[in-house]
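# An overview of the molecular structure
Read off the chains here:
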Amino acid sequence: MTVARRVLTKQAKTDVGRTILVPILAIVVLLAVGRFAGMVTTPLFGSTEGRYASTARDLVENDHWIVPRICLHGEWVPYWGKPPLAFWAAGVSARVFGMNEAAVRLPSFLAGLAMLGLAWLAARRLYGTVVAWTTVLVASSSMFFFILWGLVTTDVIASLCVAGAIVSYVMGSTEEPRRLRVAWRAALFAFLSAGFIVKGPVVVILAVVPILLHAWRTKSIGELRRFPLVKGTVAALVIAAVWLFVAEQHSPGFTRHFVVHEHLSRYLDSNFADPYGEPHPHPFGMVWVWAIAAQLPWGLALVVFGRATWRQITTLLRNDSWTVLLFAWMLWPAVFFTPSRAALPTYVLPGVVAGSIVLARILVHVASIGMVQRRALTFFWAFFSVTCWIGTIASVIQSNLIVAQVAGTCAVACMASGRYLKRRELSWAVVPVWLTLTSVSCGIGFSSRIEEKIASPRRAIAAAQSCRQPHGPIIALRRWEHAMGFYAPQDLRYVNRPDGPEMSRLVHDDQRDVFIIRTKYLDSIPPEHASLLEECGRYGVFSVLLDRRYPVSALPQ
């Protein structure tokens, strides 16, 4: 048992340990229930969710299980950008629970729960029960994790595989009895194999390097020999080779594109262009900004507790060898993707679990020395006050008066409630209630904005379907919308140029054609074609257009 764990085992028996476990568990359950409710009720968000959801739908309806397909500009092509395991999971879920947003999101939600479970196991094994439950609270309420938890994306499942491999290494090195230790050692290679078929070799790199660094730094390379290195590596390589061989036979050219373009070029080429998505070049080192943002708001505790934080980190690094592994696990994704300008914010998600364990360890330590109450309350008051004022100013600039009123009210409430921080008998009662009301109010205030930005593809498709001819097409103009492809896969057609001959033929034929276009692109329709069309509704960022020669149906608003 490590020194840190012995200390925290004693702390778990104190009043602090006994009193915080029930509230933490209640908050985590509420977070999970709220995230699940949002997953069920919220339409597909952004092009990424629409792209992956439509791919899963095609996989189920057209049986393209070996190499999934993606719709690019109205044409279905093999999707060489990602391995298929995440799409298989979404497809199986959709086949079991029906083709809807909740079904294709369910695998990511379950993967998030599994990540929290692995974080609890590792933290409990290393630092005790109090830190374990605090870790779950910090991880589940961290910004990046909560946003991605329950979205149609490969990053959550890939992060689960990274966490599973590293936690398997921890448990395989410390767990008793021997039978469980052997099972964890085998699980390490199972997670690595699954990660390769979720997102490729990058998962293996993100998991193996922290393990090797920890073994080298603590001079425990010999411990790795107790793992089934030869058998596990051979099994993982065979699984990867078989999948690559089958995919190459089914879709020639897949292996070269997957290895060279999707990995080497994405990492090394600053002008990398993703053929399946929008270009997203970022400044050098931007990934570190995302790594810091991923741990908000809990990461600010490192600043709030100042010297106590620094002393605790240095003490852990000197006396607890596993802290080296946690810091390597937390920082390695940002280090690895620093040279890549094509990196995405979601790439830092694998380090959130390790960061949550470190933060939980620090929070429990400062709580044990009696400095958490006053500083924590002051911190949360200041943080949410600044946030509400920023939201007020931004909303006024964007002319969103509803959000401005809500944010302004919350900001005034922050100022008014600040005086209660000095009254210890009221602080723990006032602040949680106030934070809950603030969150609900902000959620209500932003709901109209969310509805406009997120729900518009589904609403536009519903409007177009209500006024088209039976089984008639719906034409997407100028830009292919992946989310619309999920909601209307058989009815949606694509016209790239509103001023081209195909558009001219459509507006002059004898059918009642329905067009959907982003409102900002309305001016790209030539006047001679626009004169034949009537805008019958705007749904968020989309406009629905109908041939003037036919009456406009009553559309859903």
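Structural data are supplied above this passage.
Computed from a prediction, not measured in an experiment: that's the story for all the values here.

## What to know about the packing of aromatic side chains
- With the rule as written, the count across this model stands at 17 aromatic pairs.
- On the numbers, 5.5 Å between centres and 70 degrees between planes, the contact of Tyr 52 with Phe 87 is edge-to-face. In this pair, Tyr 52 sits in helix H3 (residues 46–62) while Phe 87 sits in helix H4 (residues 85–97), placing the two residues 35 residues apart along the sequence. A single burial state applies to Tyr 52 and to Phe 87, both of which are buried.
- Their ring planes at 40 degrees and their centres at 4.8 Å tell us that Phe 337 and Tyr 347 sit as a pair that is tilted. One end of the pair, Phe 337, is in helix H17 (residues 321–337); the other, Tyr 347, is in the loop between H17 and helix H18 (352–368), with 10 residues separating them in the sequence.
- On the accessibility criterion, Phe 337 (8% relative accessible area) is buried.
- One aromatic cluster is present, formed by Phe 36, Phe 109, Phe 145 and Trp 149 through successive ring pairs.

## Quick look at the environment of Pro 333
- Take Pro 333: it is sitting in helix H17.
- Judged by relative accessible area, Pro 333 falls into the buried class, the value being 3%.
- Beyond its immediate stretch of four places on either side in the chain, Pro 333 contacts Leu 206, Tyr 347, Val 348, Pro 350 and Gly 351.

## Examining the pattern of salt bridges
- With the rule as written, the count across this model stands at eight salt bridges.
- When the shortest N-O distance is used, the salt bridge between Arg 69 and Asp 58 registers 2.8 Å. Remark: Asp 58 occurs in helix H3 and Arg 69 occurs in strand S1 (residues 69–72); sequence separation between them is 11 residues.
- Glu 101 is the salt-bridge partner of Arg 458, the closest N and O atoms lying 2.9 Å from each other. Remark: Glu 101 occurs in helix H5 (residues 101–127) and Arg 458 occurs in helix H22 (residues 456–467); sequence separation between them is 357 residues.
- By relative accessible area, which is 33% here, Arg 458 ends up partly exposed.

Rules used in this analysis
- Residues numbered from 1 in each chain as written.
- Predicted model: local features only at pLDDT ≥ 70, side-chain atom pairs only at ≥ 80, totals over all residues.
- Heavy atoms only, no water.
- Phe/Tyr/Trp six-rings, centres within 6.5 Å; stacked < 30°, edge-to-face > 60°.
- Helix = DSSP H or I, 4+ residues; strand = E, 2+ residues; numbered from the N terminus.
- Buried < 20%, exposed > 50% of the residue type's maximum accessible area, 1.4 Å probe, protein only.
- Contact = heavy atoms within 4.5 Å.
- Salt bridge = Lys/Arg side-chain N within 4 Å of Asp/Glu carboxyl O.

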